[in-house]
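Okay, here's what each chain looks like letter by letter:
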Amino acid sequence: MLRLPDFTYVRPRTLAEASGALQELGDEAMAVAGGTDVYPKMKRGQFTPRYLVSLSRIEEHRGIRRVEGRGLWIGAGETLSAVAGHETVRRAFPALADAAGLVSTLQLRNAGTIGGNLFVDTRCNYYDQSFFWRQAVGFCLKKDGDICLVAPKSRVCLAICSSDTAPVLSSLGAEAVLVSAQGSREVPLDTLYRDDGIDYLAKRPEELLQGVWVPEESFGWRNVYLKLRRRGSFDFPVLGVAAALRTDASGTCEGAKIVLTAVASAPKVVVDAPGALCGRPVDATAIDEAAELAMRVSHPLDNADMDYWYRKRMTRVYVTRALRRLADAGETAGGADASPA
Amino acid sequence: MSSENLSSETIAGKRLLRLLVNGESHEVACRVTHSLLEVLREEMGLTGTKHGCELGECGTCTVLVDGQPVYSCLMLAVEAEGPEITTVEGLAQGGRPHPLQRAFSDLSAAQCGYCIPGILLAAKALLDKQPDPARADIEEALSGNLCRCTGYTKIIEAVEQAVAQTNEPHE
Amino acid sequence: MRKRMSPMSRDGKKNGFSVIGKPLPRIDGPAKCAGDTRYADDIVMPRMLFSRLLRSPHPHALIHGVSVRRALELPGVHAVITGEDVPTKFGIMPSTQDEEALAVDKVRYVGDPVAAVAAVSEDVAEEALRLIDVDYQVLAPILSIEGALEAEDHRIHAWNRRANIQKAVSFEFGEVDAGFEAADEIFEGTYFFQGNTHLPMEQYCALATYTPDGKLTLWSSTQTPHYVHRALSRVLDLPMGHIRVIATPVGGGFGGKSDPFSHEIAVAKLAMITGRPVKITLNREESFYVHRGRHPVKMWMRTGVKRDGTLTGMWFRSFLDGGGYSSYGLATVYYTGALQTVTYDLPAYKFEGVRVFTNKPPCGPKRGHGTPQPRFAMEVQLDEIADKLGLDPVELRLKQVVEPNTVTVNGLRVSTIGLRECIEKVAASSGWKEKHRLLPPGHGVGFAASSYISGAGLPIYWNDMPHSGVQLRADRGGGVTVFCGSTEIGQGSDSILAFAVAEELGLRPEDVRVVTADTDLTPVDLGSYSSRVTVMTGNAAIQACGNLRERLFEVASEVLEVPADDLEMEDGRVRSRSLPDRGLAFAECVERAETRFGTLGATGSYRPPRHPGDYKGAGVGPTPAYSYSAAVVELHCDSDTGEIRIDKVWIAHDCGRAFNPLWVQGQVEGSVYMALGEVLMEEQIFRKSGVHKIPSILEYKSPTTLETPPIETILVETDDPEGPFGAKEAGQGPLLPVIPAVSNAVYDAVGVRIHEIPVTPDKILRALDQRLKDPTVPSFEFPTPIRWAPGQGVEVPQKS
Ligand SMILES: Cc1cc2nc3c(=O)[nH]c(=O)nc-3n(C[C@H](O)[C@H](O)[C@H](O)COP(=O)(O)OP(=O)(O)OC[C@H]3O[C@@H](n4cnc5c(N)ncnc54)[C@H](O)[C@@H]3O)c2cc1C
Ligand code: SF4
Ligand code: FES
Ligand code: FES
């Protein structure tokens, strides 16, 4: 039986305390919420913290509620099941409900949190292996080694962002609320990610996520999330496409955002997509253009399930399908009619 | 670091836990590193809960925590204090097998049987929430449990049979 | 030796049986559903120690020394052993004993065990492994079939004659050149079947005790306790009488728990050294290294046909990537060429096969052992032939189904064959005629048929003893216990025994106690492999019941004053057929018989009939009875993504008499499932460094409920004279047709032929782009063929 190595378990009551503990304990400590990412990785020796700072007893980062004029608040400590099943989320942000509901399995979603999902470690099939395996192959940059085994010439780790919910929340313009002993700050979720497989979060290690705001404006946006993977459950995304857009009464696109997951170390915003989509109807030409742009910035590598050329090619297909779905949904879908929870 | 500096709770080494398992309260000495799976099997002798990966990838260790299915291999025992835990040993009531157990047995849905405890619990969680599920709901609810023997066919039929029997008007 | 009671002659009952053929539950269901069944890892013992194995991180290396000193100094460590402690070689096949429990001077794959520790906990044992120093001299690994054939002076093993060739075989049955000359068209193709593994949900586990009386006991999750018994005796140098092997209920095997294993020998040795119980449970990653799964096989097939589709000859070549050791490989290579002849008439057939060593985990028997790969090649080629000749693939097969009681061109005796009915029924219920080539674009149906053995005709080691033995005990309270060495791996073998005995003695299955798989208590059964269990243990049980019944009838006939041949056993009574109210309770009858004869017991045993083939190599292929299957798969394939969704599988299986329809369906459904995993996603694949690419149950993809389609099972009953109550196998055969049927359905759906397993989305897209190359086969000089044809050899008449 695989077991956890020894650690000391710290269980604070507030985020400030938790952050304080993380700061004090430094490199030797790690925050843990549902543990569905942390524990397997500790069992395989990928994470080797001597202290775990548990967020399980903290109330401040819970709750999902609509705040009129502000948007939808989603506490980082809510389970993926809670997010996926929440009425408002389902009605206004089906992309988020789907993304959360497509993470692995029901059992895992009952334990895993959305906070943990947003900050889930990057993945690589040279890295997500046991100590024995990594030793046999030779350790890599991300843990215990000094070379990238996927791209030996690369100076940085290219492990892939594997969060399902991050691209969706990014596409909806979510703001993250971070808390530390020094106080709290609010930043666009997008800005929290770095395209670096090791240092993939642009925040201080002791900063904790209290939750995210999906802004009021996003309630009018139609949104969708499509996930590519081998099986209908268990599997991480090997490509995820989050798309959100808004059209005016005539069907002209007023705003659009496409964010990919599993094609880089961070959620990949297709920066040029709005240019291709906005100011005209979401028709086949516009969709083709946007899909082409998305494929161009999609750079899967040979470090996850399914061939990388295949995943790249699927970027176009999945983006096309995502946009087509939003276009077809017309005025009826999305969050326009979502009422306060 | 000294834990006293923190107002939070610090647990190291072993600890005496009070766990509520299958309706009984148990005191068990556990290491903080112990998963619920290890405590159930190794400290409490409840070996009905199985393990096939210990990484959250197979479903055989499924138990219910306050009625919700979770993987016991990924849950720390120290986090299991408080809620009600149900394992396969707790499915039968008063010596009478749960309708799911009866249906699984009647249809010979358990072949090697190794995945069955986890599947029974996942199925129970479904039926407790949704007494009359469609086939697609059953497939979805059991999609976090791998079975290598049955092709799931008899398993799904057994859940349907348990539903039918439970929903039958009592004579 | 065997005496068959004919239950057929009974009257008054539908189909003449009381429990056989009815959808009654398995006897182990309640315990399994209560979580009460004790699998190996559920056993704990006082003073138990825990073991872990140190495994090689190198695919190919010499060992110059192993130092265990630091490990032994670690507190909590009780013993550490290395290859020197257990140097005797072993292996499942007597002629290829090339395994060591712990590598002595060489490691041959990443994961090859090198040392074993016994310690107070798994954690300490694990820590101790890190303190063992191994001095390796790394050698270049050989990782492909081509690499193995080319590396003529770089060997993985020293014992075999030609470098890296474990076994090369060659046969010509009938005149294959003449066959091709008679053909109107010749078809040729190359095929590749990727390796895959069993992935039982239960991880390997074994526990050993060595008691002060010098007796060793091993509990193990094994399919073959008898062979483990023999290997332990050999390696540990203990008499078999001092060793007891108990197979615990196995949490899935599929062939993966059929070899004697390093971890079993290691815990036995550690128990002997420490005098304490020692347990080992391998983790999931290790199960990919233990492996013994499906061989990757490259194939080439040439078929000659008349314009109407009649087969005139076939030439088949297989190249098996065997991995680091022999395991069952000797049998596997023969199996890739054996069963091509038992489905359709084939007047001439040539087979050449070679199994090579590579520095990867050893391959062995997985469900269908060596036959899914050639079946894939053959059924896909037949589909292509039908297509090119403008024939319906179903009709093409129906035209030339083997007749019952045929001896095939390679000397296999086919007795009952329900293949025609299988094909007809599966075609009818799937609506084949309305669907084939007629479904909308992207949707397709595919067809294939197959055959499998109901138990190998020969034991693994040469002997003339029974393959299966049963002992029956009847006690004066009326209780009956059946003892048999067979191993319950989920297929239902314990229930088979209970039901066979219940049927024969007129009891209820729940009144029969079953004790199995314990070498101290139960007569030998060779194990749960080759689909042999129902046929062999069933026949042995019937014979034992017959022997017991004779005694019971003798006393009953006196008490009831009716002749013995007027007696029957039914409803827990021994009673007269002609005067049904004249009867005696079973318990009373037993009591009287015990009074008369003393303690009551009876034995029965079974040995398969001799087979007609008498050439060297004819031992692989014969069986008491062939099962047959035919499948139609309907799927749709997204031509933008290459993704396949299986809509439904219809499968008809000739299982002889359905011993129990529920259990047979269960076996069929499980086989279909495993086939779908193999054809769509499962792959045992390696990095260039020789390390397994994805040794986890997350990344090695096994279908979930969401990928598993509805399966419609049609049972075709043939009542085989050799089967117990007419039963044949059902546990492996139904896997076979599904794999080619999927490939054929993909062709029907999107018009591309995929000659490679698994059929993955990227391959489909490549094929649609016309960029998918056909697999290649290496060039190799096979030995001069052994020539044989029916009638040329000595015909040995069948016994029954
Ligand atoms: C078999 C398997 C399949 C999976 N499949 C998927 C999948 O399909 N898609 C997917 O997205 N994920 C998947 N996961 C990963 C993971 O389970 C989920 O992402 C889950 O949501 C993580 O949440 P958690 O609460 O368990 O995180 P934890 O494991 O507790 O934490 C994950 C990371 O987030 C940090 N963290 C957690 N909460 C906070 C916070 N409030 N503030 C700051 N940092 C925080 C932790 O320190 C840690 O670094 C899978 C995992 C497994 C084992
Ligand atoms: S991308 Fe390179 S450095 Fe990063 S985890 Fe994979 S192999 Fe290691
Ligand atoms: S043991 Fe596999 S999910 Fe827990
Ligand atoms: S019954 Fe064997 S794994 Fe499900």
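Bear in mind that the values here come from a model prediction, so they are computed numbers and not experimental data.

Draft legend 1. Highlighting the domain arrangement of chain A. All names here are of chain A. Taken domain by domain, chain A comprises domain 1 (1-59) and domain 2 (64-119 + 160-329). Computed from C-alpha atoms alone, the centre-to-centre distance between domain 1 and domain 2 is 26 Å. Across the contact, 14 residues belong to domain 1 and 16 residues belong to domain 2. In terms of residue count, the dominant contributor to the side of domain 1 that touches domain 2 is helix 1 (residues 15-25) (7 residues).

Draft legend 2. Examining the environment of C:Ile646 more closely. Residue and element names in this part refer to chain C. Take Ile-646: it is sitting in strand 27 (residues 644-654). Judged by the 22 C-beta atoms lying within 10 Å of it, Ile-646 is buried. For the pair Ile-646 and Asn-283, spaced 363 residues apart in sequence, the C-alpha separation works out to 32 Å. In this structure Ile-646 touches Val-633, Leu-635, Leu-676 and Pro-709, once residues within four positions along its chain are discounted.

Draft legend 3. Spotlight on the interface of chain A and chain B. Counting residues at the interface gives 31 residues for chain A, matched by 30 residues for chain B. For the side of chain A that touches chain B, the secondary-structure elements that each account for two or more residues are strand 1 (8-11), helix 1, helix 2 (38-43) and helix 6 (106-111) of chain A. Broken down by element, the side of chain A that touches chain B gets its largest block of residues, 5 residues, from helix 6 of chain A.

Draft legend 4. Molecular detail of the site of ligand 1. Within the structure, ligand 1 sits among 36 residues, and A:Gly34, A:Thr36, A:Gly112, A:Gly116 and A:Asn117 are positioned closest to it. Neighbouring residues of ligand 1 are not confined to a single chain but are spread across chains A, B and C. For the shell around ligand 1, the class distribution of residues is 20 nonpolar, 13 polar and 3 charged. Taken domain by domain, the makeup of the shell around ligand 1 includes at least three residues from each of domain 1 (1-59) and domain 2 (64-119 + 160-329) of chain A.

Draft legend 5. Main features of the interface of chain B and chain C. With 39 residues of chain B in contact, the opposing surface of chain C contributes 40 residues. Elements that contribute at least two residues to the side of chain B that touches chain C include exactly helix 2 (99-106), helix 3 (116-129) and helix 5 (153-167) of chain B. Top contributing element to the side of chain B that touches chain C by residue count: helix 2 of chain B, with 4 residues.

Draft legend 6. View of the packing of helix 14 (residues 493-505) of chain C against helix 15 (residues 533-560) of chain C. All names here are of chain C. One can describe the packing of helix 14 onto helix 15 by two numbers: an axis separation of 9 Å at closest approach and a directional angle of 30°. Taken together, helix 14 and helix 15 sit at an angle that is classed as roughly parallel. Note that helix 14 runs across helix 15; the crossing there is right-handed. Contacts between helix 14 and helix 15 pair Ser-493, Ile-496, Leu-497, Ala-500, Val-501, Glu-504 and Leu-505 from the former with Val-533, Thr-534, Thr-537, Gly-538, Ala-541, Ile-542, Cys-545 and Arg-549 from the latter. A per-class count over the contact of helix 14 with helix 15 returns 9 nonpolar, 4 polar and 2 charged.

Draft legend 7. View of the sheet that holds strand 28 (residues 711-716) of chain C. All names here are of chain C. Across the sheet, which stays open at both edges, the 4 strands sit in the order 18-26-27-28 with mixed pairing between neighbours. Taken across any chain shown, the strands that pair with only one partner, and hence form the sheet edges, are strand 18 (443-453) and strand 28. Averaged over all adjacent pairs, the angle separating strand axes in this sheet is 15°, with direction ignored. Where strand 18 and strand 26 (residues 626-637) come together, 11 bridges link them in antiparallel fashion. Within strand 26, the residue paired with Ala-448 across the bridge is Ala-631.

The rules behind these values
- Numbering of residues begins from 1 in every chain and follows the order in which that chain's sequence is written.
- As they are written, the chains are lettered A onward and the ligands numbered 1 onward, keeping that order.
- Selection of residues for local features in this predicted model requires a pLDDT of at least 70, selection of side-chain atom pairs for listing and counting requires 80 or more, and totals for whole chains, interfaces and linings are taken over all residues.
- An automatic or database domain assignment is the source of the domain bounds shown.
- Whether two residues are in contact is decided by their C-beta atoms, placed from the backbone, lying within 7 Å.
- To qualify as a helix, a DSSP run of H or I must reach at least 4 residues; to qualify as a strand, a run of E must reach at least 2; elements of each kind are numbered from the N terminus.
- Every C-beta atom is placed from the backbone, and the number of other C-beta atoms within 10 Å of a residue's own sets its class: buried at 20 or more, exposed at 12 or fewer, partly exposed in between.
- Note on definitions: a residue is near a molecule or strand provided its C-beta atom, placed from the backbone, lies within 6 Å of it.
- Residues were grouped as follows: Ala, Val, Leu, Ile, Met, Phe, Trp, Tyr, Cys and Pro as nonpolar; Asp, Glu, Lys and Arg as charged; and all remaining residues, including Gly, as polar.
- Axis definition: a line fitted to C-alpha atoms, limited for helices to the stretch in contact. Angles are taken between N-to-C directions and run from 0 to 180 degrees.
- Working rule for angles: under 35 degrees goes down as roughly parallel, over 145 as roughly antiparallel, 65 to 115 as roughly perpendicular, anything else as oblique.
- Two helices cross in a left-handed way if the nearer one is turned anticlockwise from the farther one by less than a right angle. They cross in a right-handed way if the turn is clockwise.
- The pairing criterion for strands is at least two bridges between them, as found by DSSP.

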